[in-house]
Amino acid sequence: STSAGSIAAGDWVRSVLSRRSVLATGASFVLPRMSEQPVRWGIIGAGDVCEKKSGPAFKSAEGSKLVAVMSRTPGKAQDFAQRNGIQKAFESIEHVLHDEDIDAIYLA
């Protein structure tokens, strides 16, 4: 639940992404691409689903590269990134949404 004057996390993400001209598909938000380079993914959430399913899937998917992970829990994203060879770890959703090295975001 949110307090008076605050915005739900999902609503905030949608508002930021709508300003970036993104294509929303399920829980993923993909920015328009004009390149044959791999899609550089950022994952928001570093829990069990990311650890066991989505993280390994993104790492092994052809045409994809997992470049960032975000968790609000201090140290969790950094730990996940180090164990999985991911370049960036964030504790703030704003950093993920505004990072120019991320083409697409997966909400885990």
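See the structure shown above.
Everything in this summary refers to the structure shown in the same document. (Residues numbered from 1 in each chain as written. Predicted model: local features only at pLDDT ≥ 70, side-chain atom pairs only at ≥ 80, totals over all residues. Heavy atoms only, no water.)

## A look at the packing of aromatic side chains
The final tally for this structure, using the stated rule, is two aromatic pairs. Between Trp41 and Phe58, the aromatic rings sit 4.5 Å apart at their centres with planes inclined by 45°, giving tilted as the arrangement. Residue Trp41 is found in strand S3 (residues 39-44), and its partner Phe58 is found in helix H2 (residues 48-60); the two are separated by 17 residues along the sequence. Across the pair, Phe58 and Trp41 agree in class, each one buried. Between Phe58 and Tyr106, the aromatic rings sit 5.3 Å apart at their centres with planes inclined by 65°, giving edge-to-face as the arrangement. A residue pair is termed long-range when its members are at least 10 positions apart, and Phe58 in helix H2 and Tyr106 in strand S6 (residues 104-107) qualify at 48 residues. The buried category is assigned to Phe58, whose relative accessible area is 11%. A relative accessible area of 21% means that Tyr106 is categorised as partly exposed. Following the ring pairs from residue to residue traces out a cluster consisting of Trp41, Phe58 and Tyr106. (Phe/Tyr/Trp six-rings, centres within 6.5 Å; stacked < 30°, edge-to-face > 60°. Helix = DSSP H or I, 4+ residues; strand = E, 2+ residues; numbered from the N terminus. Buried < 20%, exposed > 50% of the residue type's maximum accessible area, 1.4 Å probe, protein only.)

## Description of the nonpolar core
Core analysis: the largest hydrophobic core is formed by 13 residues, its most contacted members being Trp41, Ile43, Phe58, Leu66, Val69, Phe80 and Ile86. Elements with a contribution of two residues or more to this core: S3, H2, strand S4 (64-70) and helix H3 (76-84). Apart from the residues within four sequence positions on either side, Val69 is in contact with Ile43, Gly45, Ala46, Ala77, Phe80, Ala81, Ile86, Lys88, Ala89 and Phe90. (Core = buried A, V, L, I, M, F, W, Y, C linked by side-chain atoms within 4.5 Å. Contact = heavy atoms within 4.5 Å.)

All quantities given are derived from atomic positions and should not be read as evidence of function.
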